[in-house]
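Now for the letters of each chain:
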Amino acid sequence: MRLLRVDLTADKFETTEVPKDDAVKFLGGRGLAAKILYQENKPKVDPFDPENRLIFMTGPYTGTMGSFTAFYNVTTKSPLTGAILSAHSGGHWGPMFRKTGYDGIIFKGKARKPVYLLLTDDGPELKDASDLWGKNVFETIDILQKRHEKARAAVIGPAGEKLVRYAAIMNDHHRAAGRGGVGAVMGSKNLKAVVVHGTRDVPQADEEKLKETFKTATATVKEKSVAFSKYGTSMVVGITGKSGVIPTRNFQSAHFPDFEKIGGDAFVNNHVTKNTACARCPLHCGKEAKSDVYGSTTEGPEYETLAMFGSNLGNSSLDSIIHANHLCNMYGMDTISCADTIACAYELFEKGILSEKDTGGVKLAWGDHEAMLKLVEMTGKREGFGKLIGEGSRRLAAAYGPEAGKYAMNVKGMEFPGYDPRGIQGMALAFATSTRGACHLRATMYVPELFQGVLDRFTVRGKAPTLKDLHQLFTLYDSMVLCKFGARNAFANSWDNMLMLCNAATGFGYTLEDIKKIGARGWTVERMFNLREGLTKKDDTLPERLFTLPTVRRRERS
Amino acid sequence: VNKADFEKELEEYYKLWGWSAEGVPSREALDALEIRL
């Protein structure tokens, strides 16, 4: 495995090989990046300090002839949480990057003026990005992909430049390494974009086997995942809405009577214009959607965005959610943290802790989607009250005293996605123990508890073994790097299938025990990183509301 | 979420990983995974 090291301060490059032992034991992606971050970051370094590493990493599965091979990983210390942060994005950037002959990039330092990295078969080059600074995500990608024909660009928008603590790195216009502020760390380094174009062969130990798995996966999803292909993640609104676990009004409730107005049928029948897909994906779960009311076209919104800009703000205007998704992509921000921080502000306003004096004259009331859109704009531009929204819910609430902290719905500083853990209680433990904060993609306990109904979702008791197994499995996915929708829909979240894919990609001859250890190793190194940064058991918890405010109706239990 | 149940299950989760009651990986747990940082 080859890594490109970029010192932005010194304007220097170095190519290094990953020691074979590390490649075998950590595989790549999230696990390997966690080890590098642990070893190379100084303990307790500020996330915006130039010494904080920003690591782009692929895995041995990225860009191969298997299926769902499009993803790449970005790892750093999060400016939102102070914990380790790994974020992932699909699209086409990852496979193109791997064709350059590299498997990862480690950035350190800070450029004196805005730059972007151009990496091709001919090698790396830092180029002036002064003309791009200030441009939004769509403009930046369009300019760079026109300037560098056939290249793919991963970029930041104004939110990343202005250090919004949950700024994203965006590629293919609408694909996001979204959570935790990887884009803000990139902005702090004056790095506007990473543009890649390669034509080399991607190494793969058993190409024929990988091609065969692509055919099998295609047949499986065509037979079993018809609804997911049609609706994408928007279909989840129907499940969480009916089950009383859709976050509503900043988690004051989990029952949103209007959920169908923001659900899959309304979305697909009235707004979706076409399906989209990442490289080597037979699922096509991406949805291009249009709002005639706002004149915006976007890719998404995904379920989490529908829930957090929808029910969690008491908002049933699907057009406004589509537009909010468009704005977040344009400015380059995580939709979940942006929406949740706005929901926190709405509740602070409701409780009288905030007033129009604080918000710059914007009155906040549940369901007022015009105020919501105004705050999204202010946050993306980092103007007025948007400066505080751009800090995330923990810091927003802290600015208004201890009482306000009760209304900041996050774990370790990262805001919650669209699953109320009071009605999916394995998720309570999953959110609390997640290394990056309240994340639904470190362990999908909602699948056995809610989607499949094979575990009692109304108790947290007895969930630890399943959760540990999922933490190992999902760390393995992120180390390969494999799309989790593909892993679930085509490979049944099965260890045996992962063993087959790992060996086909690497040729390392792993056993089942070996790959379980890879997952455990990555997870444990992330834990060690967080402990070193000062996080403790006290951070493995939930906001008090989720322990004290009941929301699940008892009648549902029967 | 019942807080007592949550705390108990959190302890069980730590135990399964071979971590202390404070959630710190033991030397044995690190050695078993051959983690040398």
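Keep in mind that what you see is a predicted model, and the values were worked out from it rather than measured.

Side chains bearing opposite charge may pair, as long as their charged atoms lie close to each other. All names here are of chain A. Scanning the entire structure with this criterion turns up 41 salt bridges over all chains. Residue Glu533 pairs with Lys77 through a salt bridge whose shortest N-O separation is 2.6 Å. With a gap of 456 residues between them, Glu533 in the loop between α23 (512-532) and α24 (545-548) and Lys77 in strand β4 (residues 72-77) connect regions that are remote in the sequence. Put simply, Arg175 and Glu299 hold a salt bridge, and the shortest N to O gap is 2.8 Å. With Arg175 in strand β11 (residues 175-177) and Glu299 in strand β15 (residues 296-299), this pair connects stretches of sequence that are 124 residues apart.

To continue, consider the state of the cysteines. Residue and element names in this part refer to chain A. Inspection of every chain in the model, using the stated rule, returns 0 disulfides over all chains. Cys278 forms no disulfide, and the closest cysteine sulfur to it belongs to Cys281, at a distance of 6.0 Å. Among the residues examined, Cys278 registers a relative accessible area of 12% and is labelled buried. Here Cys502 is not cross-linked by a disulfide; its sulfur's nearest cysteine counterpart is in Cys483, at 15 Å.

Here we come to unusual backbone geometry. Residues and elements named next belong to chain A. Across the junction of Gly300 and Pro301, the peptide omega takes the value 0°, indicating a cis bond. The peptide bond linking Met480 to Val481 adopts the cis configuration, its omega dihedral lying at 5°. Positive phi, normally seen in glycine, also occurs at Leu163, with a value near 65°. By the secondary structure assignment, Leu163 is in the loop between α5 (158-161) and β10 (169-171). Despite not being glycine, Arg280 has its phi angle at roughly 55°, a positive value.

Definitions and limits used
- Residues numbered from 1 in each chain as written.
- Chains lettered and ligands numbered in written order.
- Predicted model: local features only at pLDDT ≥ 70, side-chain atom pairs only at ≥ 80, totals over all residues.
- Heavy atoms only, no water.
- Salt bridge = Lys/Arg side-chain N within 4 Å of Asp/Glu carboxyl O.
- Helix = DSSP H or I, 4+ residues; strand = E, 2+ residues; numbered from the N terminus.
- Disulfide = S-S within 2.5 Å.
- Buried < 20%, exposed > 50% of the residue type's maximum accessible area, 1.4 Å probe, protein only.

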